[in-house]
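Each chain is listed here by its residues.
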Amino acid sequence: MNLTTQSARQSGATLMEVLIAMSVSLVVSASMVALMSNSLANTTRIIKMTKLTDDLRVAMLLMSRDVRRSSYTADAVYCFGNPDCATDGSLELPGDISINDANDCVTFLLDRDHDGDATENDAGGFRRTTDSGVGLLQMWIGDSAPDCASDNANWANITNPEDMEITAFSVDDDLSYTEVIWDNGFGIQKFQKVRKVRMSIDGRLMVDNSIQHSIGDVIKLRNNIYF
């Protein structure tokens, strides 16, 4: 037997083969690490976006639920079949919603104690303001008619400026319209104002300003105005 030939057949990998194998292993390992890192980053971003979305949705639900009841009065039942309810003394109108010129504050009256008179109640409102340069949403808690320009003592935060910043809040009633509800055929008509309030909120996370989200809603008020 040729010992030289047998020895050659049993020799290990060459230095070049080892270097190539190590290079391939490093490339595969780096690709796996990058893939896992990217996956974790995407998961973290999704979690942050979900939190921001949920927080904005909670704020919108709180506002829309209260605004929907604006102008409510316990005596509204007198308007069924009575188009003159707003003028014959059977109903004390609470008045319409009020939106400031900047479209970032809405106030309203409603009969919270169900006694048929909304003008004696503190009612409510929502606005965007800033605290230490951070935008946030507040609701009216004052013991008088709601006032957009009142100090913070009469307003309570409904968003946490440590968690997220409200970059924009817009409210308008441009979608509201008036319809005829009664016509005697001789030029005398009664009207109803069908009120719709459109609100939108833009927000971003404080820990990551790149996580931003917007949410909007159109609210049809339950208690429309007769005149």
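We now turn to the structure provided with this report.

Applying the stated criterion across every chain yields a total of 2 aromatic pairs. Between W140 and W155, the ring centres sit 5.2 Å apart and the planes meet at 80°, which makes this aromatic pair edge-to-face. Placement of the pair is W140 in strand β4 (residues 134-140) and W155 in strand β5 (residues 155-157), with a sequence separation of 15 residues. Exposure class is identical for W140 and W155. Each is buried. Positioned over the ring face of Y72 is R69, at 5.9 Å from the centre of the ring.

For the structure on display, the rule yields 10 salt bridges. We note a salt bridge from D54 to R57, for which the minimum N-O separation is 3.2 Å. In this pair, D54 and R57 are both assigned in helix α2 (residues 15-67), 3 residues apart and thus about one turn of the helix distant. For D54, a relative accessible area of 36% translates into the label partly exposed. Through salt bridges with shared partners, one network takes in D66, R69 and R112.

About the thresholds
Sequence positions are assigned chain by chain, starting from 1 and proceeding in written order. At least 70 in pLDDT is required for a residue's local features to be given in this predicted model, at least 80 for side-chain atom pairs to be given and counted, and no such filter applies to totals for whole chains, interfaces and linings, which use all residues. The side-chain quantities take in all heavy atoms of the structure and omit both hydrogens and water. Within 6.5 Å between ring centres, the rings of Phe, Tyr and Trp (the latter by its six-membered ring) count as paired, and their orientation is classed by plane angle as stacked under 30 degrees, edge-to-face over 60, tilted in between. Strands here are runs of E lasting at least two residues and helices are runs of H or I lasting at least four, both read from the DSSP assignment and numbered beginning at the N terminus. Only protein chains enter the calculation, and the probe is 1.4 Å; a residue is then buried if its accessible area is under 20% of its type maximum, exposed if over 50%, and partly exposed in between. Lysine NZ or arginine CZ positioned within 6 Å of the ring centre and within 35 degrees of the ring normal marks a charge as sitting over the ring. Salt bridge, as applied in this entry: a Lys or Arg side-chain nitrogen positioned within 4 Å of an Asp or Glu carboxyl oxygen.

Bear in mind that shape data such as this cannot, by itself, settle questions of function.
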